[in-house]
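Observations on chain architecture
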Amino acid sequence: MGKINKNNKEKRTLLLAQDLKLIRGLSGNDRKVRERILKNLKKWMEHRSSRIPFTKEDFIRIWKGLFYTMWMSDKPLVQEECAEKIAQLIHFSNAETALLFFKCGLIVLSTEWFGIDQLRLDKFLMFVRRILRQVFEVLKDNCWDDKLVSEFGNILLETVLKPENSTYLGLTMHITEIYLEELAKVSKGKIEKPLVAEFIKPFVKQLTKLSDDRQINHMRKFMFHHLLNQSDEGVEYEAKFQAWREKGFPGGTIDSLEKIEMVEENEDTSDINDLEDNGPLDPRAGYVDVFLPQLPFDAQQIVQLLLVHKFSEGSTTKARKVITKLVNEFEKLCKGVYPLGIKEIRLPNDIGYSTKLKKSVNRLVKFDKKLLADSNKNRKQRKLKRKFDEIQEDINDEIQEDINDNDTEVSEDMLQEFIKKSEGSLTNGNIPRKKKLKLKNDKIHKNLKNTSTKTSNLSTSNPDWSYEESFQRNSGTWFVERLDSDESYRDEALNSNEKSPKKKLNNHKVNKRKSIKEKIDNSDKIETSSNTKIFPQNKWDLPPEEGEVEIFVPSNKYKNKMKKLAKKNK
C-alpha cells in the first residue's frame, strides 16, 4: 500500500508539472505555441482522464490558461475559431465530467470578468455564448436526461445566478439574454414541454431573491416575455401588428383587422425546411438571417412554477410583485389571449383643418390672441382678488382698532352683523380699481348732500348735527350721535321704531366709533371741544412744535417708482 501511494504521488507531481507547462504555453505571447497546444489539448485531456480522473482544481488550472488564450487572440475570425475550439473541449465521454468542466469554466469567468476591458468584452460575450451552446449539445446527446438537467440548473445557481454577484453582474445578465435562444437553436424546437419548465426553474429561484430593479426587469424581459413573444399567440400578434401599422392604425384598435388564410397551390417549402435544419446559428456582418425555432411550453406549468417559489425563503417584496404580474400574464395566455403589446391607439380628431399656408397662419394668429386674452383675464382676476383681500384686511384692522379704542363694550352680535354687512357690500358691489384711504372734506360734503333726504329726520331732530360726526366706510356712510349731551333726545332715539341702515343704536349701550385717519384728512379743522369727544385728538395729528421737524420716510414702492422715473428720464 505504501508503494502504491508513493507511486500515485509521483504521478500527481508529474501531471502537475505537465499542467503547468501547458498553462504557460496557453497564456504565452507566442501565437504558434498557443495554437499547437490548443490543437493537441483535446487528445491530451482524454488520455489524462483515462489514467487519473480530473479534479476541480485541475480543471480550474486549465481554464486559467484557456482564458488567457482567448485574451491574446485578435481579429474576429480568429477569435471565433479560438472560442469554438475551446468550447469543443467540453465533450468528454462522461457527461458528469463535462458538467464539471463547464462549472470550472464559469468559476474562472466569474473571477476574471471584472478585469475584462471594454475592447475585449465583445469577444468574451461571444465566448460565453459558444460555451453555453456546447453544454446544451452535451445534454442533447444524453437525451435530455432529467438528472443531468437538474445538475445543470444547480451549477448555474452555484456560480452565475447567485444574488450577491456584484462583481460579475454583466456575465449573469448576458447568460440570461442568450439562454433561451441557444436552447432553441440546439433543440430545434424538438423538446418536451416539462423540460422547458425545468430549464427555467433556476432563473425562477434566483428571481425570488432579487431586489435590484435592473436584474428583475432584465430577467422578466429575456426569460418570461421571450416565451410569450415566441408563442403561437405572440407570433400571430406580431404579424397582425405589422399589418395594422403599415395601414396607418385604422379604427384605432387592432381588432379592426381580420385574419384571412390564403392557400397557394404548389407552395415550395423546401427552402424553409432547409433553413430550419441547416441554417446558421450566428449572424455575421448583417448578411445572415438566424432562424430561431419555437420552444414548446405549457403556460399552466409556468404559472405553477412561479406560485410554488413565490413565497420561498429569502424572497423579496419587489420579486413577489413581479411574479404576481407574470402569473396574471401567463394565465391570460392560457385563455388564448396575448397579454403584451399595443392593442389600441388614440387617433387625432379630424376637424377638417386646411393645410394651406395662409389659413394655417390665420388660425395660429387667432389662437395666439385667444391665449393672450385668457392670460390678461386671469391676470385681472388675480389683481382684483388681491385688492379685495387687502381691503378686507383693512376693514378687519379698522374694526379691531375701533373695538380697542371704544370706551363701551361691544356685543358679539353687533360685531358679526357689522362684518356681514361690510362683506356683503364688498362682494355685491364693484371693487374699486384704486383703494382710496384718504377722503377730502369736499367729497364728504358731496356724500352728505346726496344723503340729505334720507337723514332729514336726524338733522331736524338734532340741531347740533354736522358732517364731521360722520365717517365713510366701504359698507356706506356711518353717522354718530352725541347722546350724552341731551337726555331727552337719547330717550327719543331709543324708543323710536324707525330703522335706518345708516344709523346704529344699541338698546343698552351706545356704540361710540372712532373716525379713520387714513380716510379723513381734516385734522387741522378739529377745533370745537364738543367734537373731540367723538373724534379724540392724537399727538400725531397736532402740528409740530418749536424744535420739531417732520421727516418723510418713503416706502419701498415709492422708491421703486422714483427709480423707474429716473431711468426713463435718462
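Okay, so let's go over this structure. Remember, it's a predicted structure, so these values are computed and weren't measured experimentally. (Residues numbered from 1 in each chain as written. Predicted model: local features only at pLDDT ≥ 70, side-chain atom pairs only at ≥ 80, totals over all residues. Heavy atoms only, no water.)

1. Quick notes on the overall build of the chain
Definition in use: A helix here means a DSSP run of H or I that spans at least four residues, while a strand means a run of E at least two residues long, and both kinds are numbered starting from the N terminus. Each residue is assigned to one of three classes by its accessible area relative to the maximum for its type, calculated with a 1.4 Å probe on protein chains only: buried under 20%, partly exposed between the two thresholds, exposed over 50%. Two residues form a contact once any of their heavy atoms are found within 4.5 Å. The method behind every accessible area is Shrake-Rupley, applied with a 1.4 Å probe, and residues are considered shielded solely by the protein chains displayed.
Of regular secondary structure, the chain possesses 21 helices and two strands. Within the chain, buried positions represent 33% of all 570 residues. Taking contacts inside the chain between residues at least 6 apart in sequence as the whole, the part at least 24 apart equals 73%. For the chain, the exposed area adds up to about 37800 Å²; of that, 51% sits on carbon and sulfur atoms.

2. So, helix 5 (residues 95-112)
Applied cut-off: By this rule the span expected of a helix is its residue count minus one, scaled by 1.5 Å. Here a polar contact is taken to be a pair of N or O atoms separated by no more than 3.5 Å, where protein atoms must pair a possible hydrogen donor with a possible acceptor and residues adjacent in sequence count only if both atoms sit in side chains.
The first and last C-alpha atoms of helix 5 sit 26 Å apart over 18 residues, in line with the 26 Å expected at 1.5 Å per residue. Those residues of helix 5 lying buried are A95, A98, L99, F101, F102, C104, G105, L106, V108, L109, S110 and E112. Buried residues belonging to helix 5 abut helix 2 (31-51), helix 3 (56-72), helix 6 (118-141), helix 7 (146-158) and helix 8 (169-187). For helix 5, the side-chain oxygen to backbone nitrogen distance between the N-cap and E96 is 3.3 Å, and the N-cap itself is N94.

3. What about the side chain of S110?
Secondary-structure assignment places S110 in helix 5. For S110, the side chain forms a polar contact with the main-chain oxygen of L106, separated by 2.7 Å. Contact partners of S110, with chain neighbours within four places excluded, come to V160, Y168 and L171.

4. Section: the pattern of salt bridges
Note the following rule: Here, a salt bridge means any Lys or Arg side-chain nitrogen found within 4 Å of an Asp or Glu carboxyl oxygen.
Inspection of every chain in the model, using the stated rule, returns 17 salt bridges. Of the charged contacts, one joins K42 and E46 as a salt bridge, the two residues approaching to 4.0 Å between their closest N and O atoms. Here K42 and its partner E46 are both found in helix 2, four residues apart, which amounts to about one turn of the helix. With its nearest N and O atoms 2.6 Å apart, the salt bridge here joins R129 to E182. A residue pair is termed long-range when its members are at least 10 positions apart, and R129 in helix 6 and E182 in helix 8 qualify at 53 residues. Accessibility classification places R129 together with E182 in one group, the buried group. Through salt bridges with shared partners, a single network forms among R129, R133, E181, E182 and K185.

5. Description of the environment of P339
Within the secondary structure, P339 sits in the loop between helix 14 (317-334) and helix 15 (357-405). For the pair P339 and L326, spaced 13 residues apart in sequence, the C-alpha to C-alpha distance is 9.9 Å. Excluding its chain neighbours within four sequence positions, the residues that come into contact with P339 are L228, E329, K332 and L333.

6. Topic: the nonpolar core
Spelled out, the test is: Buried Ala, Val, Leu, Ile, Met, Phe, Trp, Tyr and Cys residues form a nonpolar core when they are joined through side-chain atoms within 4.5 Å.
Counting 94 residues, the largest nonpolar core has L66, F102, F152, Y179, F199 and F224 as the members making the most contacts within it. Of all the elements, helix 6 adds the most residues to this core, at 10 residues. When sequence neighbours within four positions are dropped, the list of residues in contact with Y179 reads L132, F136, F152, L156, F199, F203 and M223.

7. A few points about a positive patch on the surface
For clarity, the cut-off: Nonpolar side chains (Val, Leu, Ile, Met, Phe, Trp, Tyr) are joined into patches within 5 Å and like charges within 9 Å, using only residues with over 30% relative accessible area and no salt bridge. In this count, Lys and Arg are taken as positive residues and Asp and Glu as negative ones, while His and the chain termini are left out. Think of each charge as sitting on NZ of Lys, CZ of Arg, CG of Asp or CD of Glu.
Among the surface-exposed residues, R379, R382, K383, R386, K557 and K561 lie close enough to one another that they form a single positively charged patch. Broken down by secondary-structure element, the contributors of at least two residues to the positive patch are helix 15 and helix 21 (556-569). For the positive patch, the element with the most residues is helix 15, which contributes four residues. As for its placement among the helices and strands, K557 is situated in helix 21. K557 gets classed as exposed once you look at its relative accessible area, which sits at 69%.

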